[in-house]
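Here is how the chains run, residue by residue.
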Amino acid sequence: LEGKTTVMVRNVPARFGQQKLMREINTAGFLGKYDFFHLPMRQGGRCNHGFAYINFTSAETAEAFKLAFGGSRFKHVNNSK
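Every chain begins its residue count from 1, and numbering advances along the sequence as written. Two thresholds apply to this predicted model, a pLDDT of at least 70 for residue-level local features and 80 or more for giving and counting side-chain atom pairs, whereas whole-chain, interface and lining totals are computed over all residues. For the side-chain quantities, the full set of heavy atoms in the structure was used; hydrogens and water were omitted.

Draft legend 1. Representation of helix α2 (residues 59–69) within the structure. Every buried residue of α2 is accounted for by T61, A62, F65 and F69. Taken around the axis of α2, the buried residues stretch over an arc of 100°, which confines them to a single face. Among the exposed residues of α2, those pointing more than 90 degrees away from its buried face are E60 and L67. Contact between two residues is taken to exist if any of their heavy atoms lie within 4.5 Å; hydrogens are not considered. Secondary structure follows DSSP: runs of H or I at least 4 residues long count as helices, runs of E at least 2 residues long count as strands, and numbering of each begins at the N terminus. Buried-residue contacts for α2 involve β1 (6–10), α1 (18–30) and β3 (51–56). Two residues or fewer after α2 comes G71, characterised by a positive phi angle close to 75°. The cut-offs for exposure are 20% and 50% of the maximum accessible area for each residue type, with area from a 1.4 Å probe on protein chains only; residues under the lower value are buried, those over the upper are exposed, and the others partly exposed. In this description, one arc is meant: the one made by directions from the helix axis to the C-beta atoms.

Shown next, in the form of structure tokens:
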């Protein structure tokens, strides 16, 4: 990330709300390590746009987040339709 502290999280499951995504991030060990979180929601507020922005308090934490979440699926997702 070359010293950057803001990351864009892609492929957020459509039904994830702000609280559910923050719970995923916090339980992975990042509680208190970010100071900005934005999950844009579609009109009506039932689904998100599939991405979020998170600003971490240090570049090292942002890099650790990238290692923890890069290329992986969210743990609390029910993939059955």
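Read on, since the account is not over.
Draft legend 2. Focus on the pairing of β3. Pairing of β1 with β3, which is carried by 5 bridges, proceeds in the antiparallel orientation. Paired with R10 across the bridge in β3 is F51. A pair of strands is considered paired only if DSSP assigns at least 2 bridges between the two.

Draft legend 3. Just the packing of α1 against α2, in detail. Running from N to C, α1 and α2 point in directions that differ by 110°, and their axes come no closer than 11 Å. Of the possible angle classes, the one that applies to α1 and α2 is roughly perpendicular. Residues E24, I25, A28 and F30 of α1 touch α2, and the partners they reach there are T61, A64, F65, A68 and F69. All axes here are fitted lines through C-alpha atoms, helices being fitted over the stretch that makes contact, and every angle between N-to-C directions spans 0 to 180 degrees. Should an angle lie under 35 degrees it is considered roughly parallel, over 145 roughly antiparallel, and from 65 to 115 roughly perpendicular; all remaining angles are considered oblique.

Draft legend 4. Focus on the sheet that holds β1. Reading across from one edge, β1-β3-β2 is the order of the 3 strands in this open sheet, with antiparallel pairing throughout. Edge strands, defined here as strands with exactly one partner in the open sheet, are β1 and β2 (34–38). This sheet shows a mean twist of 20° between the axes of neighbouring strands, independent of strand direction. Its contacts with the sheet place α1 against β2 and β3, and it is angled at close to 150° to β2. Against the sheet, α2 touches β1 and β3, its axis set at about 145° to β3.

Draft legend 5. Structural view of the packing of aromatic side chains. Under the pairing criterion, centres of Phe, Tyr and Trp rings, with the six-membered ring standing for Trp, must be within 6.5 Å; the plane angle then separates stacked pairs below 30 degrees from edge-to-face pairs above 60, leaving the rest tilted. Taken as a whole and assessed by the stated rule, the structure comprises 8 aromatic pairs. Note on F56 and F65: the rings are 5.0 Å apart at their centroids and 40° apart in plane angle, and the pair reads as tilted. Accessibility classification places F56 together with F65 in one group, the buried group. Here the aromatic cluster, defined as three or more aromatic residues joined through ring pairs, consists of F30, Y34, F37, F56, F65 and F69.

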